[in-house]
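Here is how the chains run, residue by residue.
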Amino acid sequence: MIRSILVGAEMPNWSDLHPVDTRPAAAGPAAVALLAATLQPNDAVLLAGPHSLNLIADIAARVASVDVLVRSAPDAEEIARVVAQPLADNRVFCGGLDRFTPTYGNSSGYDVVVALGGLDRLVSPDTSKLTWADALAALQNRLAPSGRLLFGAENAFGFERLIQPAIAAELPRDEDWARDLTEAAPCGLKPLRTAVEDAGLDSSTMYAVFPSLVDAQVALTDVREPLPAAVAARTMAERYAGPSLMDPYRLVQDTVRAGLTFELAPAWYVVVADDVAGALPTDAVPDGSGVLLEEYLLAALRVDDQAAVRRTVPDYVTWLLEQDHDVAQLAALDNVVLDGTSYRLFGEGEPVGARGEALVIAHLERFARRSLDSGSRQPWPAGGYSDGLTARLASMAGFTATKWLSSRREMVRPLGTAEQLATVARLSEELTSASARAILFRGQISGIRQSKPYRVGHAVTGPLRVTRRHVLRALRKVRGR
């Protein structure tokens, strides 16, 4: 059985694989896909820093040999049992990166060096000083000629700071031991790119990682187009499903127009290798062009383009009713791509068991609810009830939604606190405007009643109304006999 090799600065009472007050080890489908696309069977690999056991085992099964460097002594012993075959080729080193000198590992260099958990997790409290740039240089020095380098970097100011900032973010964690200020990792995308260029890695490729570095579900080289942005938004919405400051899905979608989605990504992968894919996993983003139907309709509502809504909803319903049930039950408005005048399914979704009109109403109701959840502007009379908006959309397609909707009126509040406050402000403004119009209307009525034509007409018609009431009363008495 492999025993871990101590190199110095090891941590005997610490675990990154089973954390108590620190981040978990790096993992996720995007990390698996990146390694699958980069590693080759004859590679000698150095895996530096905390990575999940499944990821380590997957790497060990793909390459000729793998050396693992971790700072935790218990983790090193556990990893040694995972990479135990073959005994002669795989090794586990325990300690800090600054102690991992060329006397350890492959003296001729590694074909691939991997540190997807970030460079700041390669040191321990016994590391006197190792800046982020020094750590990057140390990994580069262990590369063989034409070697490939893969590492991750967290974003200190990403979407999570706007969606759901940690309440105890300012409280020190066990991992926050004293360090030199110059050891801090680059804060933000521009400083990271500058640091990478200063290291001579001009040919590197950067991925935006969602929703986090330790749970990399997707990694994208470009998030400016509608479909990649939708993938990123879905991933963030799944990660932050609870109470939040802002609606995660809507926030990511809104940053696309400002061109800030890549800059606000929770983390990034930096890859120095040839022929990298544009998305990880490679099938994460659907092929083709177009925009999500939900985004198109919300954009139309935002500018009060009711003609576009009244034209698009019937077209969508017609297309929906022509599809097989397997497709139709997944074809909610947030899971359908509008490409010109054609529609197609976006990807996996939540199936609806209903059929026919009931299925149409279910998809329209989901859109209405998501629209209210996000606090999007509604050009019709305001309210927090999805039934009214659903019935209005259904009527555009020639359906009566009453029998399919619940009789219980359920108020839908926006998901994010910011959207709730914006909705309250919008409703207050609409109420003020309605009150002003009511006052103006009452003034107009008062003016009409004080006018001479109104008084003359009232003087003439008043006795006629009294006479009419007397006649009707007399007729009722006659009929009663």
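The rules we used
- Residues numbered from 1 in each chain as written.
- Predicted model: local features only at pLDDT ≥ 70, side-chain atom pairs only at ≥ 80, totals over all residues.
- Heavy atoms only, no water.
- Helix = DSSP H or I, 4+ residues; strand = E, 2+ residues; numbered from the N terminus.
- Buried < 20%, exposed > 50% of the residue type's maximum accessible area, 1.4 Å probe, protein only.
- Areas by Shrake-Rupley, 256 points an atom, 1.4 Å probe, with all protein chains shown as cover.
- Pairing = 2+ DSSP bridges.
- Salt bridge = Lys/Arg side-chain N within 4 Å of Asp/Glu carboxyl O.
- Contact = heavy atoms within 4.5 Å.
- Axes fitted to C-alpha atoms, helices over the stretch in contact; angles between N-to-C directions.
- 1 Å grid on protein atoms, 1.4 Å probe; cavity = no way out; pocket = protein on both sides within 12 Å on 5 of 7 lines; lining within 4 Å.
- Points joined across faces, edges and corners; volume = space filled by probe spheres on them.
- Nonpolar A, V, L, I, M, F, W, Y, C, P; charged D, E, K, R; others polar.
- Core = buried A, V, L, I, M, F, W, Y, C linked by side-chain atoms within 4.5 Å.
- Patch = residues over 30% accessible without salt bridge, like charges linked within 9 Å, V, L, I, M, F, W, Y side chains within 5 Å.
- Lys, Arg positive; Asp, Glu negative; His and termini not counted.
- Charge placed at Lys NZ, Arg CZ, Asp CG, Glu CD.
- Phe/Tyr/Trp six-rings, centres within 6.5 Å; stacked < 30°, edge-to-face > 60°.
- Lys NZ or Arg CZ within 6 Å of the ring centre and 35° of its normal.

Another aspect to go through is the overall build of the chain. The secondary structure content of the chain amounts to 15 helices and 13 strands. Counting every position in the chain, which comprises 481 residues, the buried fraction comes to 46%. With an accessible surface of roughly 24,200 Å², the chain has 54% of that area assigned to carbon and sulfur atoms.

What follows is about the sheet that holds strand E12 (residues 336–339). Taken in spatial order, the three strands make up an open sheet running E11-E12-E13, and their pairing is antiparallel. If you trace the sheet from one side to the other, it starts and ends with strand E11 (291–292) and strand E13 (342–345), each paired once. For E11 and E12, the ladder comprises two bridges, and the chain directions are antiparallel. Bridge assignment links Leu-292 to a residue of E12, and that residue is Val-337.

One pass over the full model with this rule turns up 17 salt bridges. Arg-257 is the salt-bridge partner of Asp-254, the closest N and O atoms lying 3.4 Å from each other. Here Arg-257 and Asp-254 lie together in helix H8 (residues 248–258), a separation of three residues that amounts to about one turn. Two residues, Arg-366 and Glu-350, come together in a salt bridge whose shortest N-O distance is 3.4 Å. With a gap of 16 residues between them, Arg-366 in helix H12 (residues 356–373) and Glu-350 in the loop between E13 and H12 connect regions that are remote in the sequence. By relative accessible area, which is 56% here, Glu-350 ends up exposed. By sharing partners, the salt bridges in this structure join Glu-294, Asp-334, Glu-350, Arg-366 and Arg-370 into a single network.

Pairing analysis gives five bridges linking strand E7 (residues 205–212) to strand E8 (residues 215–220), with the strands arranged antiparallel. Directly across from Ala-208, in E8, lies its bridge partner Leu-220.

Read across the open sheet, the 10 strands follow the order E1-E4-E3-E2-E5-E6-E9-E7-E8-E10; overall the sheet is mixed. Looking at the sheet topology across the chains shown, the edges are occupied by strand E1 (5–8) and strand E10 (279–280). Of the pairings in the sheet, the one linking strand E2 (residues 44–48) to strand E3 (residues 65–70) comprises five bridges and is parallel in character. Bridge pairing links Ala-48 to Leu-69 in E3. Taken strand by strand, helix H3 (residues 73–82) contacts E3 and strand E4 (91–95), and its axis lies near 175° from that of E4. Across the sheet, helix H6 (residues 189–198) lies against strand E6 (143–154), E7 and strand E9 (267–272), angled at about 20° from E9, the strand it touches most.

With that settled, the discussion passes to unusual backbone geometry. Residue Pro-211 is bonded to the preceding Phe-210 through a cis peptide linkage, with omega at -5°. Here the residue pair Leu-280 and Pro-281 is connected by a cis peptide bond, since its omega of -10° sits within 30 degrees of zero. By secondary structure assignment, the location of Pro-281 is in the loop between E10 and E11. With phi around 65°, Ser-146 is a residue other than glycine that occupies positive phi space. Structurally, the position occupied by Ser-146 is in strand E6. In this structure, Asp-275 is a non-glycine residue whose phi angle is positive, near 55°.

Where empty space is left in the structure can be found by rolling a water-sized probe over the atoms. Taken as a whole, the second largest pocket holds about 610 Å³ of empty space. Put simply, the parts of the chain that give the lining of the second largest pocket at least two residues each are helix H7 (226–239), H8, helix H9 (293–302) and H12. The greatest single-element share of the lining of the second largest pocket, amounting to four residues, is contributed by H12. Here the residues of the lining of the second largest pocket sort into 10 nonpolar, six polar and 11 charged.

Counting residues in hydrophobic clusters, the biggest one holds 55 residues, and the most contacted among them are Leu-119, Leu-139, Phe-151 and Phe-210. Top contributing element to this core by residue count: H7, with six residues. Listed in part, the 40 residues of the second largest apolar core include Ala-31, Leu-39, Val-63 and Ala-267.

Residue placement: Tyr-207 occurs in strand E7. According to the relative accessible area criterion, Tyr-207 is buried, its value standing at 0%. Once the C-alpha coordinates of Tyr-207 and Val-271 are considered, the two residues, 64 residues apart in sequence, prove to be 8.0 Å apart. Other than its neighbours up to four places away in sequence, Tyr-207 contacts Ala-219, Leu-220, Thr-221, Phe-262, Ala-267, Trp-268, Tyr-269, Val-271, Val-276, Ala-277, Gly-278 and Leu-280.

A grouping of Arg-469, Arg-473, Arg-476 and Lys-477 is seen on the molecular surface, where their side chains present a positively charged patch. Tracing the backbone shows Arg-473 in helix H15 (residues 452–480).

With that settled, the discussion passes to the packing of aromatic side chains. Think of a pair of aromatic rings as described by two things: how far the centres are apart, and how the planes are tilted against each other in angle. Applying the stated criterion to the full structure yields eight aromatic pairs. When the centroid spacing of 6.0 Å and the interplanar angle of 65° are considered together, the rings of Trp-132 and Phe-151 count as edge-to-face. Placement of the pair is Trp-132 in helix H4 (residues 132–141) and Phe-151 in strand E6, with a sequence separation of 19 residues. Judged on exposure class, the residue Trp-132 and its partner Phe-151 are both buried. One aromatic cluster is present, formed by Phe-93, Phe-100 and Tyr-104 through successive ring pairs. Here the basic side chain of Arg-239 rests over the ring of Tyr-240, its NZ or CZ set 4.6 Å away from the ring centre. Directly above the aromatic system of Tyr-249 lies the positively charged group of Arg-370, at a separation of 4.8 Å from the ring centroid.

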